[in-house]
Amino acid sequence: MSEFLLKPRICFGQDALSVLNELSARSVLLVTDKAMVKFGLAGRVTQLLCQRGIAWQVWDDVQADPDIATVVRGMKLMDNHYPDLVIALGGGSVIDAAKAVIFALAQTCPQAHRSRPCFVAIPTTSGTGSEVTAFLVVKANEEKLVLVDASLLPDIAILDPTLVASVPPAITADTGMDVLCHAIEAYVSRAASDFSDALAEKVVQQVFRYLPTCWRSGGDLQAREKMHIASCMAGMAFTNASLGITHSLAHALGGVFRVPHGRANALLMAEAVAWNADFHGQCDTHAAQKYSRLAHLLDLPASTPRQGVASLLAAIQALKDEMSMPVCISDTGIEPFEFERRLPEMVGQALRDSCTPTNPRAPDPNALTELYRRAWSGNPIQGN
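Scoring rules and cut-offs
Residues numbered from 1 in each chain as written. Predicted model: local features only at pLDDT ≥ 70, side-chain atom pairs only at ≥ 80, totals over all residues. Heavy atoms only, no water. Salt bridge = Lys/Arg side-chain N within 4 Å of Asp/Glu carboxyl O. Helix = DSSP H or I, 4+ residues; strand = E, 2+ residues; numbered from the N terminus. Buried < 20%, exposed > 50% of the residue type's maximum accessible area, 1.4 Å probe, protein only. Axes fitted to C-alpha atoms, helices over the stretch in contact; angles between N-to-C directions. Parallel < 35°, antiparallel > 145°, perpendicular 65-115°, else oblique. Left-handed = near helix turned anticlockwise from the far one by under 90°. Contact = heavy atoms within 4.5 Å. Pairing = 2+ DSSP bridges. Core = buried A, V, L, I, M, F, W, Y, C linked by side-chain atoms within 4.5 Å. Phe/Tyr/Trp six-rings, centres within 6.5 Å; stacked < 30°, edge-to-face > 60°. Lys NZ or Arg CZ within 6 Å of the ring centre and 35° of its normal.

How should the pattern of salt bridges be read in this particular structure?
Under the definition given, this model contains 19 salt bridges. Asp 79 is the salt-bridge partner of Arg 114, the closest N and O atoms lying 2.8 Å from each other. Of the two residues, Arg 114 is situated in the loop between α4 (92-108) and β5 (118-123) and Asp 79 in helix α3 (residues 68-80); the sequence distance between them amounts to 35 residues. Given the relative accessible area of 19%, Arg 114 is considered buried. For the salt bridge of Arg 293 with Glu 201, the shortest nitrogen-to-oxygen distance reads 3.9 Å. On the criterion of sequence distance, the pair formed by Arg 293 in helix α10 (residues 286-297) and Glu 201 in helix α6 (residues 194-216) is long-range, its members being 92 residues apart. For Arg 293, a relative accessible area of 37% puts it in the partly exposed group. Three or more residues are tied together by salt bridges with common partners; here these are Lys 7, Arg 116 and Asp 155.

I would appreciate a short explanation of the packing of helix α5 (residues 169-188) against α6 in the present structure.
If you want to describe how two helices pack, look at the angle between their axes and the distance between the axes. It is the contact of α5 with α6, at a shortest axis distance of 9 Å, that shows an interaxial angle of 165°. Viewed along their axes, α5 and α6 adopt a mutual orientation that is roughly antiparallel. The interaxial crossing formed by α5 with α6 has left-handed handedness. Listed contacts from α6 to Pro 169, Thr 172, Ala 173, Gly 176, Met 177, Val 179, Leu 180, Ala 183, Ile 184 and Tyr 187 of α5 are Asp 197, Ala 200, Glu 201, Val 203, Val 204, Val 207, Phe 208, Leu 211, Cys 214 and Trp 215.

Sorry, what's going on with the pairing of strand β6 (residues 135-140) here?
As a general feature of sheets, a regular strand has side chains that alternate between the two faces. Direction of pairing for β6 relative to strand β7 (residues 143-148): antiparallel, over a ladder of 6 bridges. Its bridge partner being in β7, Val 137 is matched across the sheet by Val 146. In this antiparallel pair of consecutive strands, β6 and β7, the connection spans 2 residues, and Asn 141 shows a positive phi of 60°.

So what exactly am I meant to see when it comes to the nonpolar core here?
If you look at soluble globular proteins, the nonpolar side chains tend to sit buried side by side. Counting 60 residues, the largest nonpolar core has Met 177, Leu 180, Ile 184, Tyr 291 and Val 309 as the members making the most contacts within it. Secondary-structure elements contributing two or more residues to this core are β8 (156-159), α5, α6, α7 (221-241), α9 (261-277), α10 and α11 (305-322). Excluding its chain neighbours within four sequence positions, the residues that come into contact with Val 309 are Val 273, Ala 277, Phe 279, Cys 283, Ala 288, Tyr 291 and Ser 292. Counting 26 residues, the second-largest nonpolar core is a separate cluster that includes Phe 257, Ile 334, Phe 339 and Val 347.

Sorry if this is basic, but what is going on with the sheet that holds strand β4 (residues 85-90) here?
Within the open sheet, the 6 strands sit side by side as β1-β8-β5-β4-β2-β3. Their pairing is parallel. Both edges of this open sheet fall to β1 (9-12) and β3 (55-59), since each of them pairs with a single strand only. The sheet shows a mean angle of 20° between the axes of neighbouring strands, direction not considered. Across the sheet, helix α2 (residues 41-51) lies against β2 (27-31), β3, β4 and β5, angled at about 155° from β4, the strand it touches most. Against the sheet, α4 touches β2, β3, β4 and β5, its axis set at about 155° to β4.

Help me out: how do you make sense of the packing of aromatic side chains in this one?
For the coordinates displayed, the defined rule picks out 5 aromatic pairs. When the centroid spacing of 4.6 Å and the interplanar angle of 25° are considered together, the rings of Phe 339 and Trp 376 count as stacked. Within this pair, whereas Phe 339 is found in helix α12 (residues 336-352), its partner Trp 376 is found in helix α13 (residues 365-377), the two being separated by 37 residues in sequence. Judged by relative accessible area, Phe 339 falls into the buried class, the value being 1%. Overall, Trp 376 belongs to the buried group, its relative accessible area being 17%. The rings of Phe 257, Phe 339, Tyr 372 and Trp 376 are connected pair by pair, giving a single aromatic cluster. Directly above the aromatic system of Tyr 82 lies the positively charged group of Arg 114, at a separation of 4.1 Å from the ring centroid. Across from the ring centre of Tyr 187, 4.4 Å away, lies the NZ or CZ of Lys 290, which sits over that ring.

Following this line, the structure appears as structure tokens:
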């Protein structure tokens, strides 16, 4: 038997925040970061709470790539002032931190008289899809650990495009490529289904159509809303189908060298696609056929699997070029000696990553080492 999870209630549009007026709560913990407070986005939420006469507390101590120590601090705060509503306002790191705190507190301090609080996720980037996923990523030393559990799913996801209108172009590019990677990896996952495929296909079309506009004209709310929805749909696809080695490799690269997650995916995606398709060999894998299907949906040449894969790879590169993204890992400022020295460690982390088992092609250490080295040099992948 298979299943497809559809838990969060999704509210979207420019007035989506108004759903907070419908929620009953005595006390709220708002999980966010200092940027959300500084730029007034947290204030938009607390103002609504004040109008309802709801007591609230702000925890704005979350930074990018939250670690175990951050989670512990959040657990102590939440345990001392236990709320009946948790609102996470921010990017994937903030939402993941809130997930981790709720989950860890339930596991370590179970009390019959305290029920799980209602959990509302409000993303302020269009990237991780964490508002609708059963995934969270937390750092332990220099390794990113991925936890997957159905209890991590928020109860309500609020998609308000006005909250992402001011995201800078570079972050728009990074997070947008993360969306594309989620969709492509879910599409060829060993756990893919008709349900996840339908979402992934739509996401890929939306990204290529609207991401460049978001990058060029951040204030275009129509494009922003389309990308925000695409991010959410990609999250729905991969929380059910899981992901693959692009994410496994990116988690390790980001954990060791602090490369932003979406950028790491963008640097590794083409090499993973080519390897999964066996592009340098027969190019007759099931993944190659599905990549070719995506190229066809994008109205690109795809009369054979090889041509389709080549078209998709060229389209990914063109999208990165249009947004002035780094071509290869060596463009990120990492020293070549350090990259080679830490390479075995990153390969080991990637092999242990929970995204690896659903990759369409089973990797070994040699394959992942070669993928990292190809992505380091960034040599163009040419079609035959």
